[in-house]
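Listed below are the residues making up each chain.
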Number of protein chains: 4
Amino acid sequence: MPLKPDIKAPEAQRERVGFALVGIGKLTAEELIPAACTSKHAYVAALVSGEADKAQGFARALGLTEQDAYTYEEFDELAGRDDVQAVYIVTPNSLHREYATRAARLGKHVLCEKPLGVNAEDAQAIVDACKEAGVLLMTAYRCQYTPEHWAARAAVQGGTLGEVRLLHSIHAQVEDDPEAWRLKRELAGGGPLPDVGIYSLNTLRFITGQEPEWVFATQHQPDGNPRFREVEASMSALLGFPGGVSATLQTSYAAFKTTSLRAMGEKGSLNMEPAFPYDGLKVQVSSEGGTHEPTFPEYDQFTLEFDHFAQCIRSGDTPWTPGEEGVQDHVIMDALYESARTGQVVRLPTQTSADAFRGTKPQLPQK
Amino acid sequence: MPLKPDIKAPEAQRERVGFALVGIGKLTAEELIPAACTSKHAYVAALVSGEADKAQGFARALGLTEQDAYTYEEFDELAGRDDVQAVYIVTPNSLHREYATRAARLGKHVLCEKPLGVNAEDAQAIVDACKEAGVLLMTAYRCQYTPEHWAARAAVQGGTLGEVRLLHSIHAQVEDDPEAWRLKRELAGGGPLPDVGIYSLNTLRFITGQEPEWVFATQHQPDGNPRFREVEASMSALLGFPGGVSATLQTSYAAFKTTSLRAMGEKGSLNMEPAFPYDGLKVQVSSEGGTHEPTFPEYDQFTLEFDHFAQCIRSGDTPWTPGEEGVQDHVIMDALYESARTGQVVRLPTQTSADAFRGTKPQLPQK
Amino acid sequence: MPLKPDIKAPEAQRERVGFALVGIGKLTAEELIPAACTSKHAYVAALVSGEADKAQGFARALGLTEQDAYTYEEFDELAGRDDVQAVYIVTPNSLHREYATRAARLGKHVLCEKPLGVNAEDAQAIVDACKEAGVLLMTAYRCQYTPEHWAARAAVQGGTLGEVRLLHSIHAQVEDDPEAWRLKRELAGGGPLPDVGIYSLNTLRFITGQEPEWVFATQHQPDGNPRFREVEASMSALLGFPGGVSATLQTSYAAFKTTSLRAMGEKGSLNMEPAFPYDGLKVQVSSEGGTHEPTFPEYDQFTLEFDHFAQCIRSGDTPWTPGEEGVQDHVIMDALYESARTGQVVRLPTQTSADAFRGTKPQLPQK
Amino acid sequence: MPLKPDIKAPEAQRERVGFALVGIGKLTAEELIPAACTSKHAYVAALVSGEADKAQGFARALGLTEQDAYTYEEFDELAGRDDVQAVYIVTPNSLHREYATRAARLGKHVLCEKPLGVNAEDAQAIVDACKEAGVLLMTAYRCQYTPEHWAARAAVQGGTLGEVRLLHSIHAQVEDDPEAWRLKRELAGGGPLPDVGIYSLNTLRFITGQEPEWVFATQHQPDGNPRFREVEASMSALLGFPGGVSATLQTSYAAFKTTSLRAMGEKGSLNMEPAFPYDGLKVQVSSEGGTHEPTFPEYDQFTLEFDHFAQCIRSGDTPWTPGEEGVQDHVIMDALYESARTGQVVRLPTQTSADAFRGTKPQLPQK
């Protein structure tokens, strides 16, 4: 008599796609390592950090050996690690290009944190390097892999809302450490826009499948505030999408944590709030009859990313959010900064197809 | 033994300030007449409508006589009605000026629906006429009289949120009758902006006590849609407030009913949603410790307006939202339309004092 | 060109059914009088109060004359008032019987506040008196007239939830005036149970259409608390409904304002919270796919009651909540008190038909 | 220049307390194994399952060897595993006693899933066996380790709510597999009560720190339903706590997923909904001024349990929820079943001290 439901073990750890995590900060320690533990198709095979002690400490904590811990200087030794098929780059933004390029040359596939680079040119160089080396490149846009954001996209594109007229998104939080690398232009490439505002931008593009045709932005960089010597504190922007659809977008490092996403059509409205945290996402679709808040299966966003990229590595498919998707956000962010600087509207290249920069659709988690 | 709490009767009906309601549409029938029933200081003494039957029908429904019902042609006969001290003008926007001016000449105080006119010049003429006649003029901005909006203002100005950096508001709804006067430029002065977007604009100004220094806007008027032959369907805008504070504002007649108001500061955020309905307003203030949703006493927004204006009439005080407050919204809306037309930022006159266009603070309802 | 939607005036005041309001407390002053103002079919024609000044004050406030104000001693003079077709009895509970009976003898129809009496016998006497006099009797159960509670009933009875297994309701609030008549057993007939707990009881019966077969209850009457010398402070109870469905019910005069109603079935659950206030009712229906919160038209609960009873008076139909409905709640409350006293289950008479004590369905407000 | 915040690696895996997981079902696979991955003080050193393949599969998935996988027959071989200091028993309830006793005899500390046994006598035998063997025993009541439930307890005991008068909790869900061991009396010891209702019971005891003095219950076991041949489908109960405080409790295997917890006092009310899931817990405290919803740090409930027990093993402290805590719930559940069977109130032994069955307070997660 089977007393338990049929529980199957996941793939054996060593049969999964082995990743080297490059850069050990809060995200790696608190999200990526736990996520890899519950991944079906990926596992952490090696760790790379500027501090040898830290890499070794996390290796031990993972049950790995000291041989699995590398310094940045030893990065190229990953070449000899056949069990490391991919790297996940989690360094400060300005170092993405170097380590992505080096990894590509070693024949390792590259999963790179957002933003892909520090500007469109920098990001394009990463795309080019991976293409030349024949390795896959994925930009780690976790909000394009959740069932909640796919439900939002379905509401927008599936007619539930009628023709969508207005879009809006906010992603703001407080960055209060004046020494944080995120506040150094050279390392980060900008302020809140490429760090958190990018979620608003990227997700508006994702749910509509469309690309903005023009942007207008204003930014604020308060005098005398040591945190904002190099980068903007806040930005508010308008984006013109095809067909007269307009979006407002707000981002800040000097405003209380807020993440919101809206799409309003003639027949209904979509409201996600919170829109971008690691869990607890909420989707509400309102129409004449009332408000519907769907339920979703449990999952881990980073596990979904690991698994999608691991499956692409096995199948050879282009990831849903390849490098090109990351470049496009930089093109738009470059335009937003230009507009904020000049006080003028900045126009962008027209795209004729939907999802112009995306690859193979990911699997969504099932209940 | 007193078995009941001490319940006091309100003022006798005939001792309250008598109003003539000018224009009988949905707002008058469903909101103003019931509100006057529960007012402490005001009552409906007369009705004016383009249709004699309608005015007489409502007079009978109110327990008034046929002598209390007037057509527009008979408007000046109100001169002889000493019991009518004030008029409440609820006509299409383009007629506000005519009836406000005629009422002022009859020595009647004027409570005028928003928007005050069809543009800044038109609205200013109303202010001038009332000043010349020595009567009081109040713009009926109901959202400057509720305890919820005053709590929002207190959160923004009282330090709870820290320094406020970003503001945002949406007021959208569907106007689906192509014949509605609200869709005729000559009658309405514009589309959703002066009708519903004005709440977003006016309330952002109210909660900050500040005036925008510049605006940028984009609007959409879809080709071939019979509803939007004369006016915009949607508008998205940026407003620059003093000190680098930026606001986004969205309004539409082609988007599902949405009313939202936000202010984000370094220590907390204010979120009102719904922000502008007649009842059911919700205020949430979030900060490090969590989210607080205060409770408020029950009241009727239109009763509060009637009572505030009636008390001003008795005391001679300037209303909290006098004509000047209504003119200022027109100045900004004129700039928004200019920006949408030219694609350029439009600058506005600088104001040096807070609440630059407001009068005597209203009493808030008590629990 | 018709610029306005077609707005029709309600019936002329004097063509509606005239009511005498008997008893002027908070409910009469703050709810019933405003509600009558917006009623389509009813109006206040006379007022009766123990204090002549108060009755006259409210008469003046309503635009009535001093002849429309009566003391209790003058109650029988209503006989001569052909324009008073009905009375609405809003006195302390123990006086319902006297004034209902006197009104019936005068040929006036009777709308009586809940609870109908002070116990089942007392309430039955009211039913008998009205029957003998040939006048209609309605128990003022406002929560059987709202679209929200009818939606709750539809969810329970219409299969949305699957077979319903568990029911639950709370209605608690603080009564902090030791002198309140509601705390005197002789006047009120009990404590929180007949005042607020009755909403939980009555609405559970309404949404299921079923009657409990047995009850078990525990009550608390704290020693030495001057407020609870005569009546219970709190009660918790179990009610057994047909088919093994069980309900828990909690009520208190010593607990923070809480109103909640739930029904749980195999396929979904219904949650109303708040469940019983005058406005702001919220209905949520959760099932596998998520949670749906329907929207409802605006209305006034007391206006709906006035209008239903006025229509019954015109048509001769039995009201949806006649006297029998009020008696049945007393039968159950008597059993609850008996159980609390004896510590034993108390059984109730079996009912074989659904809605065993109800009359003609009311019209629900339309959007 | 340190570009990253100071991120420290957790303890090396092999320095943590090693656990053998005994029983591999959904909970083990989806919650316990991932939780152990992120534990600071515990790790999975061995796995025990009735199916050798399954144990070996999970061992491989965890990066362990085949030597770390055991069948139940091989259980006593854990004796030789010095790296296994504790077992976590996750078998069907009726097997808790056997494996807890055997583990205790091997000198292994015992963390046992709730309910501790199948009735009070069975559970007491586990307590006795662990005491005799000198090993620690903890009942895995995850809801006594979260910051949300501790905040609820603080609201109840700290005066925020005033004197608490009424308590209420629901824990219901659908169990739709007629073959599930949870529906076999011999294996489970009961139906929904010991599986999910126990959370309501245990958490009401936890937040008050008090023990019920009497209970009354009714249960439903529908005829002819193959799922409910052996155990109840639903139960509703009243519990009498000291000082006249009364609680209602509802549980079901035939009602849509609902988890709710309330405490109502004179000054405020506590509402947790959802009250018992693995994440997404929500705490709302309402009082005169409004509703406050506090925010909490992120954590994993099972990690907190692993870490608390691992720390107790190192320090020798009695766990916060020792075996005695588990026995007490069985004492009460036995009484609830007796009441449901007899239709009579069942009295329970009086406890004179608060938290009568609890040990050393756990550390709460920090932001």
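Just so we're clear, the structure is a prediction, and the values are computed from it rather than from any experiment.

S.K.: What is the right way to read helix α1 (residues 26-37) of chain C from this model?
M.R.: Because the α-helix completes a turn every 3.6 residues, residues three or four places apart line up on one side. Residues and elements named next belong to chain C. In this model, α1 (12 residues) spans 16 Å end to end at C-alpha, consistent with the 16 Å of a helix rising 1.5 Å per residue. Counting buried residues along α1, 9 of its 12 residues qualify, which places the element largely inside the surrounding structure. L27, T28, A29, E31, L32, I33, P34, A35 and A36 are the residues of α1 that are buried. The elements touched by buried residues of α1 are β1 (17-22), β2 (42-49), α2 (52-61), β4 (86-89), β5 (109-113) and α8 (301-315).

S.K.: Can you help me understand the relation of the copies chain B and chain C in this one?
M.R.: Between the two copies of this chain, the relationship is a rotation about some axis together with a displacement along it. After a rotation of 180° and a shift along the axis of 0.0 Å, chain B superposes on chain C with an RMSD of 0.0 Å. Read as a symmetry element, the transformation amounts to a two-fold axis. Same-surface contact between copies: 100% of interface residues of chain B are shared with the interface of chain C.

S.K.: How should I be thinking about the interface of chain A and chain B in this particular structure?
M.R.: In many reports, interface size means the accessible area that the parts give up when they come together. On the side of chain B, 46 residues touch chain A, which itself brings 46 residues to the contact. Across the interface of chain A and chain B, roughly 3300 Å² is buried in total on both sides, 60% from carbon and sulfur atoms. Among the residues of chain A in contact with chain B, A:R165, A:F256 and A:E266 are the three that bury the most area, contributing 19% of the side total. Inspection of the chain A/chain B interface yields 4 salt bridges. Here B:E266 makes a salt bridge to A:R227, at a shortest N to O gap of 2.4 Å. Counting across the interface, chain A meets chain B through 15 residue pairs in polar contact (both at pLDDT 80 or more).

S.K.: Explain the UniProt feature "domain: GFO/IDH/MocA-like oxidoreductase" (unreviewed entry) in chain A to me, please; I cannot follow it from the model alone.
M.R.: Residues given the UniProt feature "domain: GFO/IDH/MocA-like oxidoreductase" (unreviewed entry) here are residues 151-270 of chain A. Helix and strand shares over residues 151-270 of chain A are 23% and 39% respectively, and the end C-alpha atoms of the span are 10 Å apart.

S.K.: Just to check I follow, could you spell out the domain arrangement of chain A for this structure?
M.R.: Residues and elements named next belong to chain A. As far as domains go, chain A holds domain 1 (14-142) and domain 2 (146-296 + 323-347). Centre-to-centre separation of domain 1 and domain 2, based on C-alpha positions: 27 Å. At the junction of the two partners, domain 1 supplies 21 residues and domain 2 supplies 24 residues. Between domain 1 and domain 2 the total buried area reaches about 1900 Å² when both faces are included, carbon and sulfur atoms providing 57% of it. Summed over the three residues of domain 1 that lose the most area to domain 2, namely K114, Y141 and R142, the buried surface amounts to 37% of that side.

Cut-offs and rules
- Residues numbered from 1 in each chain as written.
- Chains lettered and ligands numbered in written order.
- Predicted model: local features only at pLDDT ≥ 70, side-chain atom pairs only at ≥ 80, totals over all residues.
- Heavy atoms only, no water.
- Helix = DSSP H or I, 4+ residues; strand = E, 2+ residues; numbered from the N terminus.
- Expected span 1.5 Å × (residues − 1).
- Buried < 20%, exposed > 50% of the residue type's maximum accessible area, 1.4 Å probe, protein only.
- Contact = heavy atoms within 4.5 Å.
- Least-squares fit on C-alpha atoms with pLDDT ≥ 70 in both.
- Buried area = accessible area lost by both parts, 1.4 Å probe.
- Salt bridge = Lys/Arg side-chain N within 4 Å of Asp/Glu carboxyl O.
- Polar contact = N/O pair within 3.5 Å; in protein donor to acceptor, adjacent residues only side chain to side chain.
- UniProt positions renumbered as here; feature names shortened; annotations may be inferred.
- Domains from an automatic or database assignment.

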